[in-house]
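So you can see what is in the structure, the chains are spelled out below.
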Amino acid sequence: MSENSETTPISAGSEKARCGFAAILGAPNAGKSTLVNALVGQKISIVTQKVQTTRFPVRGVAIHGDAQIVLVDTPGVFTPKRRLDRAMVASAWGGAADADALVHVVDAPAASRMAENRGDGSDKRTFEDVQQVIEGLQKQGRKAILALNKVDVLERAKLLDLSQAFFEKDVYDEVVMISALKSSGLKRLNDLLGERMPLGPWLYPEDQVADTPMRVMAAEITREKVFLRLHEELPYHATVETDAWAEKKDGSVRIDQTLYVMRDGHKGIAIGKGGETLKWISQNARKDIAEAIERPVHLFLHVKVRENWIDERSHYTALGLDFDA
């Protein structure tokens, strides 16, 4: 549980109990996953410096006062160019449509640079994606909480100017200034989300922090390590699937996974000289998976070429994405 959350003073089934869904929207790399992890109080969504790392909605569970807040970390909203992109964007808006509260996370420094006409190509793409979120909110007729993120590196005057400019879009009813990475400014966001949750019993036990199946979460943890290790060489052409999950008598878990790449050349990159790259990915994934499930893990990671995995319906279905979006 996050330091920004409060220990609940009531039972989960009390008449005062609240429970609902909050969708976290934003451009790729705005800090959505970092924010969800901070609100939950532990890592439930992968975080890298690469954009579009979250491919499907990841639900984290946070408790604040009387409220249980189910946080939906949605894929980034951006201009889709391929089937997977379209499915990811459709998933993001699907999560928004069903949510009781919406939070639009904006990279404040990037927005400020664009406002001052000194943004680079990355800032321009971020600005375009932010505009897509705003247009989507306008189409849905929804009001969102504006979460200006990474505010610790901006002057207050610039933040106030940004807030004013965004509020003129008429799709926000509150603004919070946060640093998700430093877990600062989150109490007010928690307060706002708690107030917006409808009255009703909690959906999850108090100690549950996510509802993503562990087989899927384990694969996502390994995919994060692929992103971190391989930088520009491979990530967007790779996916990870958990093939087997065996409970051992000593309490440990054997997990067999496959890292699928689209070309023979990618396989060599993923394995590395003498198997060094694959060993690094496997060791670091095993450590994080073991921490997540609080049990020893034996991870066996293999690399295979599957040229058309990105166009296979079964892959989308497994992630809860709409293949036909």
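Chemist: What's the story with the environment of Val40 in this structure? I'm lost.
Modeler: With respect to the element layout, Val40 can be found in helix 1 (residues 32-40). Val40 gets classed as buried once you look at its relative accessible area, which sits at 3%. Taking the C-alpha atoms as reference points, Val40 and Gln208, separated by 168 residues in sequence, lie 9.9 Å from one another.

Chemist: Where do I start with the pairing of strand 4 (residues 101-107) in this structure?
Modeler: Across a regular strand the side chains alternate sides, sitting on one face of the sheet and then on the other. The element strand 4 is largely enclosed, with a buried count of seven among its seven residues. Note: strand 1 (residues 18-26) against strand 4, five bridges, orientation parallel. Across the sheet, the residue bridging to Ile24 is Val103, located in strand 4. Alignment of strand 4 against strand 5 (residues 144-149), held across five bridges, turns out to be parallel. When the sheet's bridge partners are listed, Asp107 is paired in strand 5 with Asn149.

Chemist: What is the right way to read the pairing of strand 3 (residues 67-73) from this model?
Modeler: Of all the seven residues making up strand 3, seven are buried; the element is thus mostly covered by neighbouring parts of the structure. A two-sided burial pattern is seen for strand 3, the buried positions comprising Ala67, Ile69, Leu71 and Asp73 on one face and Gln68, Val70 and Val72 on the other. Pairing geometry for strand 1 and strand 3, over seven bridges, is parallel. Residue pairing for strand 3: Cys19 is matched across the bridge by Gln68.

Chemist: It is not clear to me how the pattern of salt bridges should be interpreted in this structure. Could you clarify?
Modeler: Where charged atoms from two side chains of opposite charge come close, those side chains can pair. Under the definition given, this model contains 17 salt bridges. Across the pair Glu224 and Lys225 runs a salt bridge whose closest N-O atoms are separated by 3.0 Å. In this structure Glu224 comes out as buried when scored by relative accessible area, which is 1%. With a relative accessible area of 7%, Lys225 lands in the buried category. With a closest N to O distance of 2.3 Å, Arg295 and Glu247 form a salt bridge.

Chemist: I would appreciate a short explanation of the packing of aromatic side chains in the present structure.
Modeler: Aromatic rings considered in pairs are described by the distance between their centres and by the relative angle of their planes. Overall, the coordinates contain two aromatic pairs when judged by the stated rule. Each ring, one from Phe166 and one from Tyr172, has its centre 6.2 Å from the other, and the planes form 75°; the classification is edge-to-face. Taken individually, Phe166 and Tyr172 each receive the classification buried, so the pair is uniform in this respect. Here the aromatic rings of Phe167 and Tyr172 are separated by 6.3 Å at their centres, their planes lie at 50°, and the arrangement is tilted. Grouped by ring-pair contacts, the aromatic residues Phe166, Phe167 and Tyr172 constitute a single cluster. For the cation-ring pair, Arg254 lies above Phe300, with the distance from its terminal atom to the ring centre recorded as 3.9 Å. Seen from the ring of Tyr260, Arg306 lies directly overhead, with NZ or CZ sitting 3.9 Å from the centre.

The rules we used
In every chain, residue numbers begin from 1 and rise along the written sequence. In keeping with the model being predicted, local features are shown solely for residues with a pLDDT of at least 70 and side-chain atom pairs are shown and tallied solely at 80 or more, while totals for entire chains, interfaces and linings include all residues. Only hydrogens and water are set aside when side-chain values are computed; all heavy atoms of the structure are taken into account. Helix and strand labels come from DSSP, where a helix needs a run of H or I of at least four residues and a strand needs a run of E of at least two; each type is numbered from the N terminus. A 1.4 Å probe rolled over the protein chains alone gives each residue an accessible area, and that area as a share of the maximum for its type sets the label: buried under 20%, exposed over 50%, partly exposed in between. Strands are labelled as partners when DSSP assigns at least two bridges between them. The salt bridge definition used is simple: a Lys or Arg side-chain nitrogen within 4 Å of an Asp or Glu carboxyl oxygen. Note on ring pairs: Phe, Tyr and Trp rings are taken, using the six-membered ring of Trp, and paired if centres are within 6.5 Å. Classes follow the plane angle, with under 30 degrees stacked, over 60 edge-to-face and the rest tilted. Lysine and arginine charges are scored as sitting over a ring when NZ or CZ, respectively, is within 6 Å of the ring centre and within 35 degrees of the ring normal.

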